[in-house]
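Residue-level listing of the chains:
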Amino acid sequence: MDLIPPPADGTPAAPPADDVERLADAYAAAPLLNCLLREVAEPLPPQDGRPVHRLPAGGRLLRVRGTRRPTEPEVYADGAWHRLGHTDLVKLVAEELRRHTGLSNHELPAEMIDSRDAVAALLTARAGATPPDDPYLRSEQCLVTGHPHHPAPKARGGGPVTGWLPYAPEAHARFPLVLLGLREDAVVEEGDTSALDALGEAPPGYRLLPAHPWQLDLVDLDRAFADGRLIRLGTTGFDTWPTAAIRTVYAPGRDLFLKFSLDVRITNDIRRLWRHDLLGLRRTDTAVVHAFAAFSAAAGSAAWLSDRGYRTADFAFEELAVLVRDGLRDHVRPGATPLLAAGLVEGFAGSPLDAAPDPAAWWEAYLRAVVPPALAAFADHGVVLEAHLQNTLVAVDADGLPVQALFRDAEGVKLLPDVPRAAGWERLVYCLVVNHLTEIAGALAERRPGFDPWPAARREFARHPLPEAAQLLGAPELPGKTNLLLRWTGADGADARYLPLPNPLAG
């Protein structure tokens, strides 16, 4: 199999150091190789059953094992193949990109190493941690590999492990939030933030402002504490669980999601709640709420987890912002269990993907849940969902069969005509098909050798009268985002540049 076996979800003793180092190299190499092979390398005929690629700028040959999650990279030199450890692979990638782009970048190789070292820390921590009983939380906290096409998906800003590990979802972390009192004349808020006031009690003249403890370690608020604009009120009387997004936490007892700023680069972005996104939040979220209400009334039970309001401080607008998001209970169908789509790809204890007795029926149900609401939002309301793996939950019934899709994160949503229709469609195809359906299809086919998921996917897209959907089925190529080149060239984190990939829907 191409997949690297996921770490155990039980509570065994910490694995031997050599095993941790070997596994960390494998976990970190797979997404980096995916980027290199997709964005830069040229495929050649296989040798000894192994994929071989030419690195055009340097002329070197590289071979790997596997396809979806390539491992064991080797470079050809002096008449023989030589195995590359992760450090050597990073050097090879950096040399190739310098030749390929004519640009130098000292930051990204350091992030690649940081990402690999973070994986090692996570593997060690997971071995001694107790996973949550709730399958939904297990699915959110299983992403040891993370984004399968990013050069440094687990980088944590280069800080010491002790600074971020207590808040890492992959280490099965849970923790209380810090409660601050924010002086009333410094409060900025919009939308429904009433859930924040129920987290504790603020003294007269102050409003409650929860804070992520990691973020408080990253920003300097000494002056605000000194002059009384902020006061410390202790912590919540309950733990929250970090989700796959790291800076978004879930409080199961309150059925509440809260999203915070983190002044740390995670994948392509510094993960702040940026002012321009917050100021546009109500318009964007309202548009999506209306789109999903119309879809559910007409066709089904797909749901949108609304980002219903935010609160922050006028003197630290982005740094202290907290966003209030709908919980699950009012949206998930009775008796169904929500699961993170990215978790289905990565694997976790109890995943229905492992137990589906009929992969064709499971996949058809998955497509029926996920595809129609995304297409209808675009066609009928001009809403471009960021329907990638980490923004999609799929609820399954007692037999593990998908029955509902739930989408989230207004920050990533685009609206027509704010973006041109063609650009919006390209973004939707990348998020929904390339990032999402291709990965679920690959994971399912890997578990069921011989199963072809694409005829059913073609039928599902063909059901919809959207002209772009018909064009998609005849297009030879799909847009693949170039995360490695974007990061190497220092592009803005919100940029999306695409290269053509073969379209499996084109049958």
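Residues numbered from 1 in each chain as written. Predicted model: local features only at pLDDT ≥ 70, side-chain atom pairs only at ≥ 80, totals over all residues. Heavy atoms only, no water.

As for the packing of aromatic side chains
Any aromatic ring pair is given by two values, namely how distant the centres are and how the planes are angled relative to each other.
Thinking step 1. According to the stated counting rule, one finds 13 aromatic pairs in the structure shown.
Thinking step 2. Site record: aromatic cluster; members linked through ring pairs are Tyr136, Tyr250 and Phe257.
Thinking step 3. Seen from the ring of Phe317, Arg275 lies directly overhead, with NZ or CZ sitting 4.1 Å from the centre. (Phe/Tyr/Trp six-rings, centres within 6.5 Å; stacked < 30°, edge-to-face > 60°. Lys NZ or Arg CZ within 6 Å of the ring centre and 35° of its normal.)

As for the pattern of salt bridges
Thinking step 1. Counted under the stated rule, the structure contains 43 salt bridges.
Thinking step 2. Here Arg116 makes a salt bridge to Asp117, at a shortest N to O gap of 3.2 Å.
Thinking step 3. With relative accessibility at 9%, the residue Arg116 sits in the buried group.
Thinking step 4. As a salt-bridge pair, Asp409 and Lys259 come within 3.0 Å of each other at their nearest N and O atoms. One end of the pair, Asp409, is in the loop between strand E21 (402-408) and strand E22 (414-415); the other, Lys259, is in strand E12 (residues 256-260), and 150 residues separate them in sequence.
Thinking step 5. Residue class for Lys259 comes out buried when judged on its relative accessible area of 3%. (Salt bridge = Lys/Arg side-chain N within 4 Å of Asp/Glu carboxyl O. Buried < 20%, exposed > 50% of the residue type's maximum accessible area, 1.4 Å probe, protein only. Helix = DSSP H or I, 4+ residues; strand = E, 2+ residues; numbered from the N terminus.)

Notes on helix H14 (residues 421-447)
Because an α-helix completes one turn every 3.6 residues, residues spaced three or four positions apart along the sequence face the same direction.
Thinking step 1. The terminal C-alpha atoms of H14, which comprises 27 residues, lie 37 Å apart, in line with the 39 Å expected from a rise of 1.5 Å per residue.
Thinking step 2. Of all the bends in H14, the largest measures some 35° and sits at Leu437.
Thinking step 3. Summarising burial for H14: 21 of the 27 residues are buried, a large majority. (Expected span 1.5 Å × (residues − 1). Bend = angle between axes of the 7 residues up to and from the residue.)

Description of the packing of helix H1 (residues 17-39) against helix H2 (residues 86-101)
Thinking step 1. Viewed as axis vectors pointing N to C, H1 and H2 meet at an angle of 20°, and their least axial separation amounts to 10 Å. Classified by the angle between their axes, H1 and H2 sit roughly parallel to one another. In this structure, the crossing between H1 and H2 has a hand that is left-handed. Across from Asp25, Ala28, Ala29, Leu32, Leu33 and Leu36 in H1, the residues of H2 making contact are His86, Leu89, Val90 and Val93.
Thinking step 2. Split by residue class, the contact of H1 with H2 holds eight nonpolar, one polar and one charged. (Axes fitted to C-alpha atoms, helices over the stretch in contact; angles between N-to-C directions. Parallel < 35°, antiparallel > 145°, perpendicular 65-115°, else oblique. Left-handed = near helix turned anticlockwise from the far one by under 90°. Contact = heavy atoms within 4.5 Å. Nonpolar A, V, L, I, M, F, W, Y, C, P; charged D, E, K, R; others polar.)

A few points about the sheet that holds strand E17 (residues 322-325)
Thinking step 1. The strand order E7-E16-E17-E12-E11-E10 describes an open sheet built from six strands, whose pairing is antiparallel. Only two strands of the sheet have a single partner each, and these edge strands are strand E7 (187-191) and strand E10 (241-242).
Thinking step 2. Pairing geometry for strand E16 (residues 307-313) and E17, over four bridges, is antiparallel. If you follow Gly309 over to E17, its bridge partner there is Val324. (Pairing = 2+ DSSP bridges.)

Some points on the nonpolar core
The nonpolar side chains of soluble globular proteins are, as a tendency, buried together.
Thinking step 1. By size, the foremost hydrophobic cluster in this structure holds 88 residues, and its most contacted members are Trp363, Tyr366, Leu385, Leu432 and Phe461.
Thinking step 2. Looking at this core element by element, the count peaks at 13 residues for H14.
Thinking step 3. Those residues in contact with Trp363 that sit more than four places away from it in its chain are Leu437, Ile440, Ala441, Leu444, Phe451, Pro453, Ala456 and Ala457. (Core = buried A, V, L, I, M, F, W, Y, C linked by side-chain atoms within 4.5 Å.)

Quick word on unusual backbone geometry
Of all residues except glycine, most have a negative phi; of all peptide bonds, most are trans.
Thinking step 1. Going from Leu416 to Pro417, the amide bond is cis rather than trans, its omega being 5°.
Thinking step 2. Look at Asp409: it is not a glycine, yet its phi comes out positive at around 85°.
Thinking step 3. A relative accessible area of 13% means that Asp409 is categorised as buried.

Concerning the confidence of the model for the protein chain
Thinking step 1. This prediction gives the protein chain a mean pLDDT of 94; 96% of its residues lie at or above 70.
Thinking step 2. Note on residues 1-13: pLDDT is under 50 here. Beyond four places in sequence and across chains, it has 38 contacts. (pLDDT = per-residue confidence, 0-100.)

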